[in-house]
Amino acid sequence: RAGGGAGGRLSSTIVHVANMPFKVTEDQLVFAFAGVGHVQRVFISRDRDTGRARGFGFVEFKEAAAAAKAVGLSGTQILGRALRISYAPEREPEEGGRKRGAAD
């Protein structure tokens, strides 16, 4: 899917979920999005040092149609917070095969 704020491509099967409650769990997100289609993976961004949630994450669906339905749920409340849901930018392959955070 073409587009995106930085001129990049957007994923057709992964959505970015912002304004998440800090106490939401992966299981709660799977349950919240199960009605739109098969959830393949959920990722909640966490602080590297404390392990606490940072208030955003990503949900990957098996089909693009499910991701489109999920984007339509933007504004839905979970634990008292209105989620902001949008297509996630596609990730660029990392150069040299090194993973971020790898030891030097």
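See above for the structure.
Residues numbered from 1 in each chain as written. Predicted model: local features only at pLDDT ≥ 70, side-chain atom pairs only at ≥ 80, totals over all residues. Heavy atoms only, no water.

Caption draft 1: Region of interest: the overall build of the chain. Each helix and strand in the chain was counted, giving two helices and six strands. Listing the helices and strands of the chain from first to last along the sequence gives β-α-β-β-α-β-β-β. Counting the 104 residues in the chain, one finds 29% classified as buried. Considering only residue pairs separated by 6 or more positions, the chain has 61% of its internal contacts joining residues 24 or more positions apart. (Helix = DSSP H or I, 4+ residues; strand = E, 2+ residues; numbered from the N terminus. Buried < 20%, exposed > 50% of the residue type's maximum accessible area, 1.4 Å probe, protein only. Contact = heavy atoms within 4.5 Å.)

Caption draft 2: The arrangement of the sheet that holds strand β6 (residues 84-89) in detail. Spatially, the four strands line up as an open sheet ordered β2-β3-β1-β6, and their pairing is antiparallel. Looking at the sheet topology across the chains shown, the edges are occupied by β2 (39-46) and β6. If you compare each strand with its neighbour and ignore which way they point, the axes differ by 30° on average. As paired elements, strand β1 (residues 10-18) and β6 share five bridges and run antiparallel to each other. What sits directly across from A18, in β6, is R84. Docked against the sheet, helix α1 (residues 26-33) engages β1, β2, β3 (53-61) and β6, running at close to 135° with respect to β2. (Pairing = 2+ DSSP bridges. Axes fitted to C-alpha atoms, helices over the stretch in contact; angles between N-to-C directions.)

All quantities given are derived from atomic positions and should not be read as evidence of function.
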